Amino acid sequence: MRMSCDEAANLGCNNRELCYKILVIMLMVLPDLEKPMVRIVVIFMCLVSLGVTRGGAQEVSQSPDAGQADAWVQIEAKSSLLAARDAARRYAETLSEVGGFALGNGWYAIALGPYSRDEADRVLRAYRRQGQIPRDSYIARRSAFERQFWPAGAELRDPADDDVDAAVAIPDEPPEETLTEARAGEARLTRDDRSELQKALAWAGVYEGAIDAAFGRGTRAAMARWQRENDVAVTGVLTTRQRADLLHDYNEVLEGLGLDRVVDRATGIAVNMPTEIVEFDRYAPPFAHFDPVDDLDARVLLISQRGDRDDLNALYEVMQTLEIVPETGPRGLDRDGFMLVGEGNLQVSQTRVWLRDDEIKGFTLIWPVGDEERRNRVLREMQDSFEWLDGTLDPAEGEASAQRIDLVAGLEVRRPRLTRSGFYVDEGGAVLTTADAVQACGKITIDEMHEAEIALIDEDLSVAVLRPAAPLAPARVATFQDRTPRLRSDVAVAGYSYGGVLGAPTVTFGKVSDLKGLNGEAHMKRLTLAAMDGDAGGPVLDEGGSVLGMLLAHRTDRRSLPADVSFAATNGALQDVLSRGGINTRRTTELGPMSAEALTDRANAMTVLVSCWD
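Along each chain, the written sequence defines residue order, and numbers are assigned to residues from 1. Totals for whole chains, interfaces and linings use all residues, but because this is a predicted model, local features are given only for residues with pLDDT of at least 70 and pairs of side-chain atoms are given and counted only at 80 or more. Each side-chain value is worked out from all heavy atoms of the structure, with water and hydrogens disregarded.

> I would appreciate a short explanation of the packing of helix H7 (residues 191-203) against helix H9 (residues 240-252) in the present structure.
The description of two packed helices rests on the angle between their axes and on the distance between the axes. Lines fitted to C-alpha atoms define the axes here, with helix axes fitted over just the stretch in contact, and angles between the N-to-C directions of these axes take values from 0 to 180 degrees. Helix and strand labels come from DSSP, where a helix needs a run of H or I of at least four residues and a strand needs a run of E of at least two; each type is numbered from the N terminus. The N-to-C vectors of H7 and H9 enclose an angle of 65 degrees; their axes lie 9 Å apart at closest approach. When the axis of H7 is compared with that of H9, the two are roughly perpendicular. Relative to H9, the crossing made by H7 is left-handed. The segment H7 lies against H9, with Glu196, Leu197, Lys199, Ala200, Leu201 and Trp203 engaging Arg243, Leu246, Leu247, Asp249, Tyr250 and Asn251. For this classification, the nonpolar set comprises Ala, Val, Leu, Ile, Met, Phe, Trp, Tyr, Cys and Pro, the charged set comprises Asp, Glu, Lys and Arg, and every other residue, Gly included, is treated as polar. Here the contact of H7 with H9 is composed, by residue class, of seven nonpolar, one polar and four charged. Angle categories: roughly parallel below 35 degrees, roughly antiparallel above 145, roughly perpendicular from 65 to 115, and oblique for all the rest. Working rule for handedness: look at the near helix, and if it is turned counterclockwise from the far one by less than a right angle, call the crossing left-handed; if clockwise, right-handed. Working rule for contacts: check all heavy atoms of both residues, and any pair within 4.5 Å makes them a contact.

Here you go:
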């Protein structure tokens, strides 16, 4: 077989490197080109001929070849490889020539082609008109695409190289491998690499085993399942490229968070943190506050203080009173630390704290509801990367800020929706209070510590009976006065006028003005006494400390009454309600005045704070 240099140059290839390859092949296979000098002459003549041909090709290329199959109709782009594969599979059910390509920066394109430019125009118009592709589809050049991921096993090729079947090299992409090569690459993985791969397989939903860096039967089955779901050859051993794809998808959720190492010497903590969405704001021992940078309402607290198990227990209790830790969610305390999860309507907070060598350290991550995948990944990264450095946060660290009774270290304390007063009516801790204090509550507490349930509500009298979830031992139980009080006799009301801010009930003194209501109601009496809303539900006491009735909430009608006009439910009506609730009350007919101090002590011992929580 003989071939001239001009014939070789006119093979139609305008790729100089390819032409060199063809010349080398010619010189290897043509038997009459054996002498070295002859070879040199032939090569020189062919190169000259190729140079002319190449120049001609460059002149032609200045005018686009409408017949070249170099155009694609890009119909969609996805920011997730899994989503892009699903979209490509969906389009392939109704359309032919569907391809999927990486675009770079974590984006993936679904496109139709390749076509000549004219053919691509016709396909674009026809499919748009038929509604089979989105109206914002457009024509893209092959050079806009990187690695091809659909159909499975496809390679991105250069149409100009079809004559020699040469695949285009893909920069920065690991090549596909044989099973032997894949095993060899896997053997070079570190223990951390293997653990990370198991985490990625678990995230992908194909692995449920332990993260132990051991590639046993369960991990192999997970790899095979991942390969099957991603339409690649099922071997149970991931190639370098498959590992890269899996880890890219696994870590893609962290893009834009700026997960980076933060070393805080003041707290003695180093930890990976989403630095693009939170930044350091202030110290308020035992917390270092990292507040939101933008609209994503995410926050981080670093926790650092010296202490022992008693201090750990106290911190556990205090943190559960904070607004950032909603009451719903798992939590637990042990000898060496605690965890708290607070699940609210808008945010989820997760706290992890450890005790080691008389140092208490940890963190709280606060994240918006509905972004569970990113929150769980950030939480795991923070837990896995948490490092103890020397020292703890100085209690005097940070600038002095406004102090409020409902703040703890700069954080809002969780407050009930409504508070009223009440008082103990039996030895088991049953409480009498107003009906408005306990209606439509997610939770009811007595003195903010003891949960309670509604035993009975009397809507006509507007009173309620509560029973504690666990029996209590009251310091004092109400004793009801059977005698009718005299008009203008002295009385006192005990109640939490300020919703528990003062930590104990206040006692307000007044007089009995009438033995019935303004409209002649026999079940109530009118008092001259300047009570506050928080006092409602508290006991009305005579001079000897016996209960004459219960203070009712202020009327809500449009009539404006003097500030010192209050009303109390009478003992007869109250005892009827308590009897229906199965409570036997203490009663007396004794009258004996006591000092104001003794009366106050008796009132405080029986009066409780009733709180209604959402």
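> Explanation requested: the packing of aromatic side chains in the structure shown.
Any two aromatic rings considered together are summarised by their centre-to-centre distance and by the angle between their planes. For this analysis, a ring pair means two rings from Phe, Tyr or Trp (six-membered ring only for Trp) whose centres lie within 6.5 Å, classed as stacked if their planes differ by under 30 degrees, edge-to-face if by over 60, and tilted for the remaining angles. All told, the structure shown has twelve aromatic pairs when counted by the stated rule. Here phenylalanine 363 and phenylalanine 386 contribute two aromatic rings whose centre-to-centre distance is 6.0 Å and whose plane-to-plane angle is 35 degrees, an arrangement assigned as tilted. Residue phenylalanine 363 is found in strand E14 (residues 359-368), and its partner phenylalanine 386 is found in the loop between helix H11 (372-385) and strand E15 (387-388); the two are separated by 23 residues along the sequence. Across the pair, exposure class does not vary: phenylalanine 363 and phenylalanine 386 are buried alike. Ring centres 6.4 Å apart and planes at 50 degrees place the aromatic pair phenylalanine 423 and phenylalanine 480 in the tilted group. Summary of the burial criterion: residues with accessible area below 20% of their type's maximum are buried, those above 50% are exposed, and those between are partly exposed, where the area comes from a 1.4 Å probe applied to protein chains only.

> Explain the nonpolar core to me, please; I cannot follow it from the model alone.
In summary, soluble globular proteins display a tendency toward joint burial of nonpolar side chains. Side-chain atoms within 4.5 Å link the members of a nonpolar core, which is a set of buried Ala, Val, Leu, Ile, Met, Phe, Trp, Tyr and Cys residues. Ranked by internal contacts, the top residues of the largest apolar core, which has 28 residues, are Phe423, Val425, Leu432, Phe480 and Leu574. Those elements that place two or more of their residues in this core are strand E22 (463-468), strand E24 (490-495), strand E28 (547-551), strand E29 (565-570), helix H12 (571-580) and helix H13 (596-606). No other element matches H12, which puts four residues into this core. Judged by nonpolar contacts, the second largest core, of 25 residues, contains Val262, Phe363, Trp367 and Met382.

> Before we go on, may I ask you to explain the sheet that holds strand E31 (residues 607-613) in this structure?
Hydrogen bonding along the main chain pairs the strands of a sheet, whether they run parallel or antiparallel. The strand order E18-E19-E22-E21-E20-E31 describes a closed barrel built from six strands, whose pairing is antiparallel. Geometrically, the sheet is characterised by an average inter-axis angle of 40 degrees between neighbouring strands, direction not taken into account. The sheet contact formed by strand E21 (residues 450-458) and E22 spans six bridges and is antiparallel. Bridge assignment links isoleucine 457 to a residue of E22, and that residue is alanine 464. Sitting on the sheet, H13 touches strand E18 (418-424) and E31, and the angle it makes with E31 is about 35 degrees. Strand pairing is assigned whenever DSSP identifies at least 2 bridges connecting the two strands.

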